[in-house]
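# Understanding the architecture of this molecule
Listed below, chain by chain, are the residues.
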Amino acid sequence: SRKKMKAESEAWVRASKNKRGTTPRGVQRRGALIDATLRIVLRDGPGAVTVRSVTNEAGASHGSVTYYFGSAENLIREALVQVAVRNIAALADAWSDLDRFAGDPAQLAARIARHSVRQMIEDRRMGITIVELHLAVARNPELAPALREWGRAFGRITHHSFVRLGSMDPEADSAVITNLITGMMIRQLALPRPDFESTILTPSIGRLLTASGAGKA
């Protein structure tokens, strides 16, 4: 069920959170620091995230970052988790409808493309933030577990659709589609084309979906 799918996709988040800041006031303060971090990431990149820059951005005390997160690196990790949670929830909501088209690769491709463009291109701030957080992981391997779990959550959400398509390896096919979309989103953010969704992204996703179902009897 969709409820179970969401629970599985977000269970790792609960385990990764710092135990401090669980009171309503603490949750609010943690959230303000994470939001400040994401603004810095969007504007200046993850390399600009320091204890000083976050406290200045949030209008908070210097000790608040170390109290709630321990370090700037942990704060970036928590920001990555929050972005992942938002995107996982959006995909889980969308996929409850998208899964109806699993028997029609062309229709499914068009709807996956629409969701992806809405999340990362039309919401340009989110798109750039996602790219910057991927680069943060490239620079700091200690952040990699959060990114891996994000990918696994996407795999769990899309698994049933790839099975219905006839995929011989749903996990691998989900990863291929995800990586294709991510790469194309980066290109579109940098070098926008007005016909991107209809003539580039949708046909590319469609070809991969058709190929993934080639093993269907």
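Please refer to the structure placed before this passage.
Within every chain, residues take consecutive numbers counted from 1 along the sequence as written. Whole-chain, interface and lining totals are the exception, using all residues; otherwise, since this is a predicted model, local features are given only for residues with pLDDT of at least 70 and side-chain atom pairs are given and counted only at 80 or more. The basis for every side-chain value is the complete set of non-hydrogen atoms in the structure, without hydrogens or water.

### Some words on the overall build of the chain
In this description a helix means any DSSP run of H or I spanning at least four residues, a strand means any run of E spanning at least two, and both kinds are numbered starting from the N terminus. Of regular secondary structure, the chain possesses 10 helices and 0 strands. Secondary structure elements in the chain, listed N-terminal to C-terminal, are α-α-α-α-α-α-α-α-α-α. Counting over 217 residues, the chain shows a buried share of 46%. Only carbon and sulfur atoms are counted for the fraction: they give 55% of the accessible area of the chain, which is about 11,300 Å². Relative accessible area decides the class of each residue, using a 1.4 Å probe on protein chains only: under 20% of the type maximum gives buried, over 50% gives exposed, and in between gives partly exposed. Areas reported as accessible are Shrake-Rupley estimates using a 1.4 Å probe. Residue values count occlusion only from the protein chains shown.

### What to know about the layout of surface pockets
A cavity, in this analysis, means grid points on a 1 Å lattice covering only the protein atoms where a 1.4 Å probe fits yet has no way out; a pocket is instead an open set bounded by protein on both sides within 12 Å along at least five of seven lines, and a residue lines either one if it has an atom within 4 Å of a point. Grid points are joined across faces, edges and corners, and a volume is the space filled by probe spheres set on the points. A volume near 660 Å³ is recorded for the largest pocket. Going through the elements one at a time, helix 5 (72-98), helix 6 (105-122), helix 7 (124-139), helix 8 (144-165) and helix 9 (170-190) are the ones with two or more residues in the lining of the largest pocket. Counting residues per element, the lining of the largest pocket draws most heavily on helix 8, at 10 residues. When residue character is reported, Ala, Val, Leu, Ile, Met, Phe, Trp, Tyr, Cys and Pro are called nonpolar, Asp, Glu, Lys and Arg charged, and the others, Gly included, polar. Residues of the lining of the largest pocket, tallied by class, amount to 13 nonpolar, 13 polar and 3 charged.

### What about the pattern of salt bridges?
By salt bridge we mean one thing: a side-chain nitrogen of Lys or Arg within 4 Å of a carboxyl oxygen of Asp or Glu. A complete count under the given rule lists 12 salt bridges for this structure. Note that D99 is salt-bridged to R164, the shortest N-O span being 3.7 Å. Taken as a pair, D99 in the loop between helix 5 and helix 6 and R164 in helix 8 lie far apart in primary sequence, 65 residues in all. Between D195 and R193 there is a salt bridge; the shortest N-O distance is 3.0 Å. In this structure, a network of salt bridges that share partners links the residues R39, R43, D44 and E57.

Read these as layout, nothing more, since geometry by itself doesn't imply function.
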